[in-house]
Amino acid sequence: SMPGNINSCLEVDAKVFKGQYCLMYVVIVPKGKEAIKTAGDLHADTLQRLGALSPPEVLGMISKLSVQSPIRMGVCVPSSCSPGDVSTGLGSLVNQNLDLGNFNIMFFPGLCQTNDLPELLDRDYAVFGVVACFGLVVIIGTVLDLLLRFFGQAYLPELLLQIFQGFSLYTVVTKIFRVTPNKDRLGCINGIRFLSMSWVIIGHTYLSITSFSPFLANPTIILEFFDRFWMRLVTNATPSVDSFFLIGATLLAYITLKELGKQQQDGRSNCGSSIMFWVLFYVHRYLRLTGVYAMSIALTISLGKFLIQGPIGHSKVEAEGCAEAWYTNLLYINNFNTAMEKPICMGHTWYMANDMQMFIISPPLIYLMHRM
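Residues numbered from 1 in each chain as written. Predicted model: local features only at pLDDT ≥ 70, side-chain atom pairs only at ≥ 80, totals over all residues. Heavy atoms only, no water.

Asker: Any chance you could explain the packing of helix α11 (residues 242-265) against helix α14 (residues 350-360) here in plain terms?
Answerer: The relative placement of two packed helices is expressed as an angle between their axes plus a distance between the axes. Close contact between α11 and α14 brings their axes to 11 Å; oriented N to C, the two are set at 35°. Relative to α14, the crossing made by α11 is right-handed. Contacts between α11 and α14 involve F244, F245 and L252 from the first element and W350, Y351, N354, D355, M358 and F359 from the second. Partitioned by chemical class, the residues of the contact of α11 with α14 number 7 nonpolar, 1 polar and 1 charged. (Axes fitted to C-alpha atoms, helices over the stretch in contact; angles between N-to-C directions. Helix = DSSP H or I, 4+ residues; strand = E, 2+ residues; numbered from the N terminus. Left-handed = near helix turned anticlockwise from the far one by under 90°. Contact = heavy atoms within 4.5 Å. Nonpolar A, V, L, I, M, F, W, Y, C, P; charged D, E, K, R; others polar.)

See the structure below:
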């Protein structure tokens, strides 16, 4: 891969135009075959498309490398050029001057950027205002909490004080790091969670080389590296996410069955059959997850476009995707966009959609377990 010098490119200012850095994906395909349309397609189904179009010998190696570690090239063009102009121009230039027989080199624009700062929109000011309000509430809550705990001073009514204490950094951090034995907790879950998290982190760290790889002087080493026996633990790390489904299902069943059992002991005749119980079952889950989730999406839309640094600036693409597809995330249906035909917002949150969908269909199974 050849990233070029993005800083030198973005420093160009010819008055009429500015320097624009474009990261291009390079793919070799047989002549006459249907072209891959976008860089999103390249990531979505490169393995199927290029596996079927694999040229022989040297060209075959290049195609194989484009699957394992995308071949990318940085180019500097005038800001007046669109990504499509750059792709068409490079393709024509290379294919007219380089004879590859029955194959063509195709260029797909990944991300083009200039040094112009993104425009602040009304929605951005709204998000920053909400964040400022939250920050103010956290400061007030922390100060009131510390005054109450260490000086015994309560300046607000008890109910209002409890609300502010819920935003206290002192209280929240203390709860997070508190380790106290509890007979009602499933201690083994923590061990499974630690091993699963470690496996997921290690797997994503190494597998990111193939998906969003850094620029490598000799990408062929990746093919040799992943052929090693012990790397099978890393390359097969993706099923480790299933263990989180196991943890979530175990805790959900344990807590819900415990609550149903408590209601039964209290002598409630409609134990488990109350519509209100299951309505609150869903409402509590949705509100507990969606508030923080929505704030994360809002920050991605507003701050993401300001966090682009270097040739691989995925944050702009992420921000644009969230601006269009945020509602699919809040409805927990974003995982159905498997072909990436529509904009994607925070692709890693596919797990939350899956988890919510399995949560929705869980009550009949839990109720049957309770009645058995």
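Asker: Would you take a moment to explain a nonpolar patch on the surface for this structure?
Answerer: Together, I275, M276, V279, L280, V283, Y286 and L287 make up a nonpolar patch on the protein surface, roughly 680 Å² of accessible area in all. A residue is classified by how much of its surface remains accessible, and L287, at 59% relative accessible area, is exposed. (Patch = residues over 30% accessible without salt bridge, like charges linked within 9 Å, V, L, I, M, F, W, Y side chains within 5 Å. Areas by Shrake-Rupley, 256 points an atom, 1.4 Å probe, with all protein chains shown as cover. Salt bridge = Lys/Arg side-chain N within 4 Å of Asp/Glu carboxyl O. Buried < 20%, exposed > 50% of the residue type's maximum accessible area, 1.4 Å probe, protein only.)

Asker: Where do I start with the packing of helix α12 (residues 275-303) against α14 in this structure?
Answerer: Where α12 meets α14, the closest approach of the two axes is 11 Å, and the angle between their N-to-C directions is 170°. Here α14 runs roughly antiparallel to α12, going by the angle between their axes. Along the contact surface, α12 presents F281, Y282, R285, Y286, L289 and Y293, while α14 presents M352, D355, M356, F359 and I360. Here the contact of α12 with α14 is composed, by residue class, of 9 nonpolar, no polar and 2 charged. (Parallel < 35°, antiparallel > 145°, perpendicular 65-115°, else oblique.)

Asker: Explain unusual backbone geometry here, please?
Answerer: Generally, phi is negative for residues other than glycine and the peptide bonds are trans, each holding for most cases. Backbone geometry places K15, a non-glycine residue, at a positive phi of 70°. Mapping K15 onto the fold places it in the loop between α1 (6-10) and β1 (19-30). K15 gets classed as exposed once you look at its relative accessible area, which sits at 76%. For Y332, which is not glycine, the phi dihedral falls at a positive 60°. Looking at the secondary structure, you find Y332 in the loop between α13 (314-330) and α14. Classification of Y332 as buried rests on a relative accessible area of 2%.

Asker: Is there a simple way to think about the state of the cysteines in this case?
Answerer: Among covalent bonds in proteins, the disulfide is the one between the sulfur atoms of two cysteines. Across all of its chains, the model carries 3 disulfides by this definition. At a sulfur-sulfur separation of 2.0 Å, the disulfide partner of C322 is C345. Judged by the sign of its S-S torsion, about 85°, the cystine formed by C322 and C345 is right-handed. A residue pair is termed long-range when its members are at least 10 positions apart, and C322 in helix α13 and C345 in the loop between α13 and α14 qualify at 23 residues. One exposure class covers both C322 and C345, and it is buried. (Disulfide = S-S within 2.5 Å.)

Asker: Would you mind going over the environment of G74 with me for this structure?
Answerer: Here G74 is to be found in strand β2 (residues 72-78). Judged by its relative accessible area of 18%, G74 falls in the buried class. Considered as a pair, G74 and I6 are 68 residues apart in the sequence and their alpha carbons are 7.9 Å apart. Residues in contact with G74, not counting those within four places in the same chain, are M2, P3, Y21, C22 and L23.

Asker: Can you help me understand the nonpolar core in this one?
Answerer: The tendency in soluble globular proteins is for nonpolar side chains to be buried as a group. In terms of nonpolar packing, the biggest core is built from 18 residues, with I297, C322 and C345 touching the most fellow members. Counting residues per element, the ones that place at least two in this core are α11, α12, α13 and α14. For this core, the element with the most residues is α12, which contributes 6 residues. Setting aside its immediate chain neighbours within four residues, C345 contacts I297, E318, G321, C322, A325 and N329. Within the second largest apolar cluster, 13 residues are counted, among which are V75, V86, F107 and C112. (Core = buried A, V, L, I, M, F, W, Y, C linked by side-chain atoms within 4.5 Å.)

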